[in-house]
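# Coordinate analysis (summary)
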Amino acid sequence: MDNVKCIINMKDDTKMKKVFLWLTAILLLPINLFSQPTTNHQSLITIRDAWIRPAAANANSAFFFEVVNNGSAADTLLSANGDLSEIVEIHETYKRESDMMGMREVHNVPIPAKSTVKFKPGALHVMLIGLTKDVRPGEQYDLILQFKNAGTKKVKAVVRDMPRMK
Amino acid sequence: MKKLLLILNLGFLLYACKEKLPVIEDLERAKFKLVDQYNNEVTFPEFVKGKLVVMNYIFTNCPDICPLSTNNMRLIQERIKKDKINGVEFVSISFDPLQDSPQVLRKFAGIRNLDLSNWTFLTGEKPVIDSFMRKMGIVAVIGDSTVFKDGRKIYYYTHTDRIQLIDKEGKIRKNYKGSTIDVSEIVADVKSLQ
């Protein structure tokens, strides 16, 4: 009989534990929601010094900027979008032998934690292919960057002449 | 005696300059029938004979290296003007003549507000352009391409990134990396060939 009581007590104890666990989970749910990685990352990726090179309608231009990741986790730039050109692609310029320079598409760009990745002339850049209009110095355009964790970032870029290269 | 030393010194300086800027290619006998940004026919190097020429090589669909090189041409032009150096012509020639018509070149220059008072953009028939590039030591090969929704295709060249300095006799005297050229260096070279 004692054994039976003990089993019943054990069952009650297990039930209580289950109830306690569920209550804890329900209570912690809002905290968990607020600490989703996406939200956390969004506040840690910032874009600065965004600019576009002047170019004529139907021609190509490039969009440059710096991605600052102040977070402790890495992120990835997946794509760029905008209605300034027919196609938007991430590209990089690379050096070949004997002063030969080439360019190729890059499908994503890793943004390490606590780092700044520069999209700059002669290196990584976002290609604006087939401009829908003339892009003149002083004008401003909105472009969108899509990050794996930080999500969508809307960026305002100013059209300006190039700085001198060192 | 002082005069003799002065003459010897000048002679040495001239010799040193020649050594510093040896002839890379002689274009004196070359004759390329080309077209400028206004659709005028020009013969190179005849149309710039007697002038120092700063030249670069571009294709207007190039989003990165060619605009950098062209921007450096602008910086050199501004510096030459500031230093009051006369008799220098600037020439940009496209190695993509099928895309880069005179009108496209004019627009390329116009959108950048380039000073075309002593700067000419050139294009021409493809065989002439190909022959020109071989003579000037420029390599341009089609690499990546992009296809638009309507099927149009544009392509990008892997190409020599170069600005050249040509003397008054039509001889190539120095090659520089177009996108990263040191403006002070080429301006000093221009002065040495004046």
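All of these numbers come straight from a predicted model, not from anything done at the bench.

## A closer look at the overall build of chain A
Along chain A, the regular secondary structure elements total two helices and 10 strands. Reading chain A from its N terminus to its C terminus gives the helix and strand order α-α-β-β-β-β-β-β-β-β-β-β. Looking at the 166 residues of chain A, the share that counts as buried comes to 28%. Once local pairs closer than 6 in sequence are excluded, the contacts in chain A between residues at least 24 apart make up 70%.

## A word on helix α2 (residues 65–82) of chain B
Residues and elements named next belong to chain B. The end-to-end C-alpha distance of α2, which contains 18 residues, comes to 26 Å, matching closely the 26 Å that a straight helix rising 1.5 Å per residue would cover. Among the residues of α2, I65, C66, P67, L68, S69, T70, N71, N72, M73, I76, Q77 and I80 are the ones counted as buried. Remark: K84 follows α2 within two positions and exhibits a positive phi of approximately 55 degrees.

## Examining the interface of chain B and chain A
Each partner contributes residues to the interface: chain B has 27 residues there, and chain A has 30 residues. Only α2, α3 (102–111), β7 (140–147) and β8 (153–160) of chain B provide two or more residues apiece to the side of chain B that touches chain A. No other element matches α2(B), which puts five residues into the side of chain B that touches chain A. When the residues that make up the side of chain B that touches chain A are grouped by side-chain class, the tally is 10 nonpolar, 10 polar and seven charged. Relative to β8(B), strand β5 (residues 100–105) of chain A runs antiparallel, the two being bridged by two bridges. Across the sheet, the residue bridging to A:M101 is B:H159, located in β8(B).

## Some thoughts on the pairing of β5(A)
All names here are of chain A. Pairing between strand β4 (residues 85–95) and β5: five bridges, direction antiparallel. Counterpart to E92 in the pairing with β5 is R104. Hairpin connection from β4 to β5: four residues lie between these consecutive antiparallel strands, with S98 at a positive phi of about 50 degrees.

## Considerations on the nonpolar core
The biggest cluster of nonpolar side chains holds 77 residues, and the ones touching the most others in it are A:F63, A:V126 and B:V54. In this view, B:V54 contacts B:M73, B:I76, B:V88, B:F90, B:I163, B:L165 and B:I186; residues no more than four positions away in its chain are not counted.

## Points about the sheet that holds strand β10 (residues 171–177) of chain B
In sheet architecture, strand pairing relies on hydrogen bonds along the backbone and comes in two forms, parallel and antiparallel. Residues and elements named next belong to chain B. The eight strands lie next to each other as β1-β10-β9-β4-β5-β6-β2-β3, forming an open sheet whose pairing is mixed. Since the sheet does not close on itself, it has two edges, and those belong to β1 (25–26) and β3 (41–44), each with one partner. Alignment of strand β9 (residues 162–166) against β10, held across five bridges, turns out to be antiparallel. For I163, the partnering residue across the bridge sits in β10 and is Y176. Its contacts with the sheet put α3 on β2 (32–36), β5 (88–94) and β6 (119–123), and the angle it makes with β6 is roughly 145 degrees.

## Points about the confidence of the model for chain A
When pLDDT is averaged along chain A, the result is 82; 72% of the residues meet or exceed 70. Predicted confidence for residues 29–42 of chain A stays below pLDDT 50, and this span has 12 contacts to residues more than four positions away or in other chains.

## Description of the packing of α2(B) against helix α5 (residues 183–193) of chain B
All names here are of chain B. Close contact between α2 and α5 brings their axes to 10 Å; oriented N to C, the two are set at 50 degrees. Compared by their axis directions, α2 and α5 come out oblique. As for the relative orientation of α2 and α5, their crossing is right-handed in sense. Contacts from N72, L75, I76, R79 and I80 of α2 reach α5 at V183, I186, V187 and V190. When its residues are assigned to classes, the contact of α2 with α5 shows seven nonpolar, one polar and one charged.

Analysis parameters
Residues numbered from 1 in each chain as written. Chains lettered and ligands numbered in written order. Predicted model: local features only at pLDDT ≥ 70, side-chain atom pairs only at ≥ 80, totals over all residues. Helix = DSSP H or I, 4+ residues; strand = E, 2+ residues; numbered from the N terminus. Buried ≥ 20, exposed ≤ 12 C-beta atoms within 10 Å, placed from the backbone. Contact = placed C-beta atoms within 7 Å. Expected span 1.5 Å × (residues − 1). Nonpolar A, V, L, I, M, F, W, Y, C, P; charged D, E, K, R; others polar. Pairing = 2+ DSSP bridges. Core = buried A, V, L, I, M, F, W, Y, C linked by C-beta atoms within 7 Å. Axes fitted to C-alpha atoms, helices over the stretch in contact; angles between N-to-C directions. pLDDT = per-residue confidence, 0-100. Parallel < 35°, antiparallel > 145°, perpendicular 65-115°, else oblique. Left-handed = near helix turned anticlockwise from the far one by under 90°.

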